[in-house]
Every structure is written in C-alpha cells, then in structure tokens.
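As a plain string of letters, each chain reads:
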Amino acid sequence: MTSTVVIDKAAPTRPVKLRSMSRDRTWALRWSYFFLTLFAVFALVPPLYMVITSLKTSAEISAATNPWWVYHPTLSNYVELLTSNQFLTFFRNSALVSIFVVTITMLISVPAAFALARMRFWGSATLATGVFLTYLIPETLLFLPLFKMFVAFGDLTGIQLINKWYVLLVIYPTLTVPFCTWIMIGYFASIPKELDEAAIIDGASWFQTLTRIFIPVALPGLIAATIFAFTVSWAQFLYPLVFTTSTDQLVLPVGIVTTLIKGDVFAWGQIMTGALLGAAPPLIIYAFLMDYYIAGLTAGATKG
Amino acid sequence: MADVTLRKVVKKYDDVEAVRGIDLDIADHEFVVLVGPSGCGKSTTLRMIAGLEDITDGDIMIGGDVVNDVPPKDRDIAMVFQNYALYPHMTVAENMSFGLRLKRYPKAEIKTRIDEAARMLDIVELVDRKPKQLSGGQRQRVAMGRAIVRNPKVFLFDEPLSNLDAKLRVQMRIEIKKVHQKVRTTTVYVTHDQVEAMTLADRVVVMNHGRIEQIGTPNELYHNPATKFVASFIGSPAMNFIPCRLEESGGKLHVRITDRLAFPLPPARAARYQGVSRTDKLLLGLRPEHITEASPHPETGVENFDATLDVTEPMGMETLIYFALEGTQVCGRVNPNAGAQDGAPLRLAVDLNNMHLLNEVSGAVI
C-alpha cells in the first residue's frame with residue numbers, strides 16, 4: 001500500500017466550532033451567575049437585615065425610617081447582651097451541650113458505623129437500614145413520648161432530669177447518632193476492603209484497625225459528621241423548649257426567645273444581636289472546615 | 001520459613017463450591033504459582049491460606065501446624081495485594097513498620113529491617129513519602145517491603161502485578177524473582193497470567209473450576225500437559241488443536257486430518273498410541289513452534305505439507321502464520337526469511353516428535 005498525505009479539509013472549521021462552543025459556555029456561565037446571585041440575595045438578605053437591626057436602638061427600630069439604613073449606629077445591644085449574665089449562661093449551656101453531644105455522638109456512631117460497615121454479622125445490613133430509618137422520624141413526633149418517659153423515669157428512680165440542661169445530652173443523640181452513623185457507614189464502606197485485610201494480616205485487632213487505619217483515612221467524613229452533630233445540637237429548638245424551663249438551664253435559641261420577648265414586647269435589637277452572636281460559632285467552624293465538610297458529604301453520599 | 005500443606009480443602013459460598021477439594025504440598029523455600037482463569041478458585045485458595053476466608057472443609061497446615069482456626073495475625077504470613085493496599089495516611093517507612101510496631105519491636109530493630117528491605121527493593125529515597133506520591137511500580141515495591149520486613153513464614157501474593165503496565169510488569173517480575181532468591185521465603189503467588197506463572201514458579205499449579213488440573217514445573221506443564229485445558233492455557237500463542245483420527249496404512253500408524261492429508265507417526269509415537277481406538281475422535285495438539293517452514297532434508301518425524309496462509313504476523317525474530325485445516329485455524333511460527341505472505345501458499349513442516357494426542361470428548365492427553 002502506498003502512503004498518502006491526507007489533507008484535512010475540515011481543519012479550518014475547527015476555530016468556528018470552538019467559538020460556538022465558547023458562546024454556549026458564556027451563556028451557561030451567565031445563567032449560572034444569574035441564579036447564583038438570586039440565591040445569594042435570597043440567603044444573605046435576612047442576615048444583613050439582622051446586622052442592620054442589631055446596630056439600631058429600640059427607638060430607631062420602631063421609628064418610621066428606612067429599615068435598610070442605620071442613621072444612629074450603636075453597639076449598645078451587643079454591650080448589653082455580652083455583659084448580661086443571663087445571656088452568657090445561655091451561651092455556656094449551649095456550648096456545654098454541643099461539646100458533650102458531639103463527643104457522645106462520635107463515641108457511639110464511629111464504632112457503630114465500623115461494626116455495621118465491616119464486621120459482617122447476622123442482621124448487620126438490616127440494622128444499618130434501621131439506623132437510618134430512626135433518623136426519618138421527626139422530633140415533633142417524638143418529644144411527647146420522650147417527655148413522658150423522662151417523667152416516668154423520674155417517678156421510678158427519683159432522679160429528676162427534666163428542666164436540667166444535661167437532659168439534652170441524652171435526647172440530642174437520638175437525632176445525631178443515626179445520621180452520623182449513616183454518614184460514617186458510607187464513608188467506611190468506600191475504604192477498600194484490602195486495607196483492613198492488610199491491617200489484620202499485619203496483626204492489628206479490630207479496635208486497632210479502627211483507630212489506626214479507619215479513623216485517619218476517613219477523617220474528612222469524621223469531620224463532616226462532627227460538624228453535623230455540632231450544628232444540630234447548637235440549633236436545636238424544640239427539645240430544649242420542651243425539656244428546660246428555668247432561665248439558668250436554657251440554651252441560646254430558647255433563651256433568646258423566652259427572655260427577650262416579654263409578653264407582646266419584642267426587644268428586636270437584642271433578639272437580632274443574640275441570634276447573630278449565636279450563629280457565629282457554627283459559622284466560624286464551617287469557614288475553617290468547609291473543604292472537609294464538602295469532601296466528606298460527597299464521598300459518603302456516593303458509596304452509601 | 002515453613003512448608004504449606006492443603007488437605008482436601010473445600011470452600012462453599014452458600015451452595016456454590018468455589019474450591020472443590022484441593023490437595024497441595026508446598027515445600028519450604030518453594031515458589032509456587034496458582035494460575036487459572038478468573039473464577040477458578042485460585043484467589044479463594046490463597047485467601048484461605050491467609051486466613052481471610054474460613055474453610056468449609058479440609059485442613060490447611062503451615063509449618064506442620066493445622067491453622068484452620070488460627071486468625072491471620074497468628075499465622076505468621078505476609079500478603080501483597082493487587083491494589084497494593086498501602087495505608088494512605090502513613091509514609092512508606094510507617095507502612096512497612098506498621099506490623100512490627102503493633103508487635104512492639106524495638107525501634108532500632110525496626111529501623112534496621114526497614115533499611116535492609118528498602119535497599120533490597122531500591123526504595124531507600126522514598127521512605128519518607130506518602131503512597132499517593134509514588135508510581136504504581138513504587139507502590140508495589142513498598143507493598144513487598146511491608147511483607148519482607150515482617151520476615152514471615154510464608155509470602156502470599158494476590159495478582160500483585162495486574163495493575164501495572166506491561167513493561168513494568170516484566171521488570172517487577174524480575175524484582176520478585178530476585179527478592180525470592182535472596183530471602184528464600186516460601187511463596188504462594190496467584191496470577192491469571194500464564195507468562196508470569198511460567199517465569200516465576202518453581203512449580204505451577206493450574207486450576208480450573210475449583211479443582212487442580214495439573215501441578216508441575218513450568219517445563220513439565222509446557223511439554224507434558226495432562227489435559228486440554230492445561231495445554232491450551234500454558235503457552236502463547238496457544239497450542240493448536242486439530243481434529244484427527246488414527247489409521248493404519250501400509251503397516252504404519254498415521255494420523256489422518258483430512259481426506260488428502262495424513263502424517264505417518266514416528267516410531268516412538270506410534271508405539272505410544274498403538275492401543276488407541278481407530279474410531280475415537282481425537283485432537284492433534286501442536287504448538288506453533290512445531291509448525292515451521294519446510295526443510296529440504298526433514299528429520300524423522302518431521303513431515304512436509306502445503307498450506308495457503310490466511311494471515312501473517314511478522315514479529316521481527318519470527319513470523320506467525322495462520323492458515324485453516326479442516327475449518328480449524330492453525331498457527332505456526334516460521335523464519336522471517338521463509339517468504340510467508342498473506343494469502344500465498346507456503347510449504348510447511350510439522351514436527352510430530354513433539355505432538356500431543358488428545359481425546360476430543362474427555363480432553364485428556366493420551
């Protein structure tokens with residue numbers, strides 16, 4: 001066969017094609033920016049309104065001026081809240097509850113997820129599904145029976161847990177443990193089987209395999225689960241509203257609402273300030289661990 | 001160092017028998033390769049030796065002790081996996097020392113062993129890197145290093161080279177052989193690649209459908225296969241199987257292929273096949289290297305014949321030729337200067353001194 005030089009007559013059309021492709025891309029980008037801006041406005045206007053309001057005095061808030069502008073900015077709301085013992089108690093209660101709940105959740109759900117993902121035993125698959133189903137039951141359905149249980153528990157043992165902040169340490173894990181276990185099952189399942197087999201042959205026990213191989217390898221998932229548990233316990237409203245009533249036992253979300261609304265008088269400036277201060281810790285945590293959170297959620301999602 | 005013995009080992013998954021009663025004796029220092037197509041039970045067998053799979057029936061002995069119920073960590077074995085299974089969050093040195101650290105070896109001892117293994121595998125400059133910074137070949141070296149530092153009784157390799165490209169595979173094959181020559185640890189190696197099996201093994205175990213087809217040295221398997229499966233699995237290009245029957249003509253035993261083509265058998269072969277029924281459907285097994293260009297003065301047992309080539313494949317040092325005999329495609333190897341051309345006739349010679357005769361129904365080599 002003789003070789004021939006093929007002249008590519010189609011070649012000059014390529015730049016034209018490229019241009020049309022880039023035009024498609026430009027439009028796609030314009031649309032995505034349009035919707036991203038729309039959603040950003042939607043999400044950011046309420047906090048912006050909160051910031052504006054928190055910088056106003058009560059008089060200015062109730063005055064018929066432009067609600068989107070601060071004419072006499074003041075930090076008095078911040079000073080008042082941060083020097084009020086009550087607010088600091090709420091803050092402390094919230095912090096204690098969240099830290100303990102995160103710890104308890106991780107201590108339960110990480111070993112549970114490891115067992116369900118790796119130590120194949122009778123009924124482990126059913127149990128894993130069951131764990132997830134528990135998460136689907138809403139708290140609005142659970143708070144009454146739970147309340148009755150704690151009353152009965154108090155009657156039986158004489159240990160009164162209701163209206164103590166630490167009762168929340170028992171209740172919150174019913175929300176956080178199933179979800180975190182589920183995230184961690186997905187994450188552990190994505191770790192190649194050979195890795196634990198290699199560890200077992202190297203002489204590691206199940207516990208050593210978990211602590212020295214699985215936890216370090218699944219760290220992004222672990223951080224995602226931690227953030228989730230923290231956010232849930234920090235922002236939980238219904239359970240603390242039901243289970244705690246004394247002002248020294250309240251957590252931040254309930255505390256703000258119950259103490260800053262006196263009858264039909266709303267201390268709007270302080271409410272907004274309190275909400276902003278309360279939103280700060282999760283925000284700071286997200287900012288630092290965002291990359292891990294995204295990596296963790298997606299990795300867990302595809303292999304669940 | 002230890003010998004490994006399998007006695008009637010069976011593995012069932014629910015109702016499926018993956019391994020059906022395997023008997024195997026592996027001597028101390030021996031390099032044994034389990035080879036077979038996927039699903040033949042070779043990996044399961046290896047994992048049962050490792051203790052990663054329970055055995056349904058039979059006994060496995062390492063160094064004379066039955067280890068059926070001994071957990072993997074107490075069997076004193078090391079395993080190299082196909083996907084390396086390196087711990088991604090540890091450096092090379094940490095990966096290699098993980099087992100030793102769990103057993104609380106003294107630090108100095110660990111360091112000596114890592115240095116020694118790293119030198120042997122030529123990865124000294126990599127010990128502080130993480131696995132993701134290594135190439136495939138380097139990762140496989142680390143995985144081997146992790147096995148070597150443990151100084152176990154038995155090395156188990158589960159298709160360790162399958163993830164590497166062809167060139168690297170050849171190189172690592174030589175590395176593995178070198179390592180075995182140095183450490184002399186009893187090794188069981190699983191692969192589906194017959195070339196790997198032939199080049200590495202002291203003895204090859206050919207498996208099919210959960211059973212052992214044949215055990216032997218690479219040369220035994222190549223020259224004296226016991227079954228059609230082994231004959232076709234070992235060797236590349238594969239052995240040709242041409243339908244034929246035996247017939248007596250002119251007082252000599254012939255192997256008849258077509259109405260017009262029959263070859264007289266050399267005396268040794270004729271004596272061997274004398275008892276075979278003349279009506280049995282048989283297969284003539286011929287390796288490609290025993291079908292060559294015709295020589296002007298053929299030796300005893302070498303017979304010339306004419307064929308029209310379908311396709312030729314020049315390989316440089318030889319040319320592979322393909323032609324049809326009674327509807328069967330036959331492959332031969334000729335000298336590149338023999339004038340083989342696509343679609344052209346060529347006078348060929350067949351060496352019947354190296355022929356095999358198989359029963360077409362049972363697949364057994366006669």
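Heads up: these notes are all about the structure in this document.

Definitions and limits used
- Residues numbered from 1 in each chain as written.
- Chains lettered and ligands numbered in written order.
- Predicted model: local features only at pLDDT ≥ 70, side-chain atom pairs only at ≥ 80, totals over all residues.
- Heavy atoms only, no water.
- Helix = DSSP H or I, 4+ residues; strand = E, 2+ residues; numbered from the N terminus.
- Contact = heavy atoms within 4.5 Å.
- Areas by Shrake-Rupley, 256 points an atom, 1.4 Å probe, with all protein chains shown as cover.
- Salt bridge = Lys/Arg side-chain N within 4 Å of Asp/Glu carboxyl O.
- Buried < 20%, exposed > 50% of the residue type's maximum accessible area, 1.4 Å probe, protein only.
- Phe/Tyr/Trp six-rings, centres within 6.5 Å; stacked < 30°, edge-to-face > 60°.
- Arc of directions from axis to C-beta.
- Pairing = 2+ DSSP bridges.
- Axes fitted to C-alpha atoms, helices over the stretch in contact; angles between N-to-C directions.
- Disulfide = S-S within 2.5 Å.
- Buried area = accessible area lost by both parts, 1.4 Å probe.
- Polar contact = N/O pair within 3.5 Å; in protein donor to acceptor, adjacent residues only side chain to side chain.
- Core = buried A, V, L, I, M, F, W, Y, C linked by side-chain atoms within 4.5 Å.
- Patch = residues over 30% accessible without salt bridge, like charges linked within 9 Å, V, L, I, M, F, W, Y side chains within 5 Å.

## Regarding the overall build of chain A
Next, step 1: Check the secondary structure of chain A and you find 14 helices and two strands.
Next, step 2: Counted over contacts in chain A with a minimum sequence separation of 6, partners at least 24 positions apart contribute 74%.
Next, step 3: Here chain A displays about 17,700 Å² of accessible surface, and carbon together with sulfur accounts for 72% of that area.

## Let's talk about the pattern of salt bridges
Next, step 1: Within this structure, the stated rule accounts for 20 salt bridges over all chains.
Next, step 2: Measuring nitrogen to oxygen at the nearest pair gives 2.5 Å for the salt bridge that ties R203(B) to E30(B). Here the residue R203(B) occupies a position in strand β9 (residues 203-208), and E30(B) occupies one in the loop between β2 (16-26) and β3 (31-35), the gap between them amounting to 173 residues.
Next, step 3: Residue E247(B) pairs with R256(B) through a salt bridge whose shortest N-O separation is 2.8 Å. As far as the burial class goes, E247(B) and R256(B) line up, both buried.
Next, step 4: Taken together, the salt bridges that share partners define one network made up of E197(A), K11(B), R47(B) and E53(B).

## Quick look at the packing of aromatic side chains
Residue and element names in this part refer to chain B.
Next, step 1: Tallying each qualifying case throughout the model produces 29 aromatic pairs over all chains.
Next, step 2: For the pair F31 and Y189, a centre-to-centre distance of 5.7 Å together with 40 degrees between the ring planes defines the contact as tilted. Here F31, found in strand β3, pairs with Y189, found in strand β8 (residues 186-191); they are 158 residues apart in sequence, far enough to count as distant.
Next, step 3: Assessed through its relative accessible area of 2%, F31 is described here as buried.
Next, step 4: What makes Y189 buried here is its relative accessible area of 0%.
Next, step 5: The interplanar angle of 80 degrees and the centroid separation of 6.1 Å between the aromatic rings of F155 and F157 together place this pair among those described as edge-to-face. Side by side, F155 and F157 carry an identical accessibility label, which is buried.

## Here's the deal with helix α3 (residues 76-83) of chain A
Next, step 1: Every buried residue belonging to α3(A) is among N77(A), Y78(A) and L81(A), and all of these are buried. The buried side chains of α3(A) occupy one side of the element, clustering within an arc of 95 degrees when seen end-on.

## Here's the deal with unusual backbone geometry
All names here are of chain B.
Next, step 1: Residue S236 is joined to P237 through a cis peptide bond whose omega torsion reads -5 degrees.
Next, step 2: Of note, P237 is situated in the loop between α8 (228-233) and β11 (240-249).
Next, step 3: You will see that A85, though not glycine, has its phi angle at about 55 degrees, which is positive.
Next, step 4: Here A85 lies in the loop between β6 (77-80) and α2 (92-102).

## Observations regarding the sheet that holds β11(B)
Residues and elements named next belong to chain B.
Next, step 1: Pairing is antiparallel across the open sheet formed by five strands, whose spatial order is β13-β12-β11-β14-β20. Bordering the open sheet on either side are β13 (262-264) and β20 (356-359), each of which pairs with just one other strand. In this sheet, neighbouring strand axes are inclined to one another by 40 degrees on average, regardless of whether the strands run parallel or antiparallel.
Next, step 2: Across five bridges, the pairing between β11 and strand β14 (residues 282-286) is antiparallel. By the bridge assignment for β14, C244 is matched with L282.

## A word on the state of the cysteines
Residue and element names in this part refer to chain B.
Next, step 1: All told, the structure shown has zero disulfides over all chains when counted by the stated rule.
Next, step 2: Looking at C244, it has no disulfide partner, and the nearest cysteine sulfur is the one in C331, 18 Å off.
Next, step 3: C331 gets classed as buried once you look at its relative accessible area, which sits at 4%.

## Points about the interface of chain A and chain B
Next, step 1: Taken together, the contact between chain A and chain B spans 16 residues of the former and 23 residues of the latter.
Next, step 2: Approximately 1,700 Å² of surface area, both sides summed, lies buried where chain A meets chain B, with 65% of it carried by carbon and sulfur atoms.
Next, step 3: Together, I201(A), D202(A) and R212(A) form the three largest contributors to the area buried by chain A at its contact with chain B, with a combined 41%.
Next, step 4: In this structure, the connection of chain A to chain B is made through two salt bridges.
Next, step 5: Taking the shortest distance from any N to any O, the salt bridge between E197(A) and R47(B) comes out at 2.6 Å.
Next, step 6: Between the two partners, chain A and chain B, sit eight residue pairs in polar contact (both at pLDDT 80 or more).
Next, step 7: At the level of elements, α9 (193-201) and α10 (206-217) of chain A are the ones that each hand at least two residues to the side of chain A that touches chain B.
Next, step 8: Here the side of chain A that touches chain B takes seven residues from α9(A), the largest share from any one element.

## A word on the environment of L357(B)
Next, step 1: Position of L357(B) relative to the elements: it lies in strand β20.
Next, step 2: If we ignore the near neighbours within four places in the chain, the residues touching L357(B) are C244(B), L246(B), Y273(B), L282(B), L283(B), L284(B), A364(B), V365(B) and I366(B).

## A short note on the pairing of β3(B)
Residues and elements named next belong to chain B.
Next, step 1: A large share of β3 lies buried, amounting to five of its five residues.
Next, step 2: Here five bridges tie β3 to β8, and the two strands are oriented parallel to one another. Across the sheet, the residue bridging to V33 is Y189, located in β8.
Next, step 3: Two elements, β3 and β9, share four bridges in a ladder whose sense is parallel. Directly across from V35, in β9, lies its bridge partner V206.

## Quick word on the nonpolar core
Next, step 1: Ranked by internal contacts, the top residues of the largest apolar core, which has 100 residues, are M184(A), F188(A), I213(A), F243(A) and L156(B).
Next, step 2: Among the elements that take part in this core, helix α4 (residues 85-118) of chain A stands out by supplying ten residues, more than any other.
Next, step 3: Discounting residues that sit within four places of it in the chain, L156(B) has contacts with L46(B), I49(B), A50(B), I77(B), A78(B), M79(B), V80(B) and V188(B).

## A closer look at a nonpolar patch on the surface
Next, step 1: The grouping of W27(A), W31(A), F34(A), F35(A), L38(A) and F39(A) at the surface amounts to a nonpolar patch, some 690 Å² of accessible area in total.
Next, step 2: For F39(A), a relative accessible area of 54% corresponds to the exposed category.

Purely geometric stuff here, so don't read any function into it on its own.
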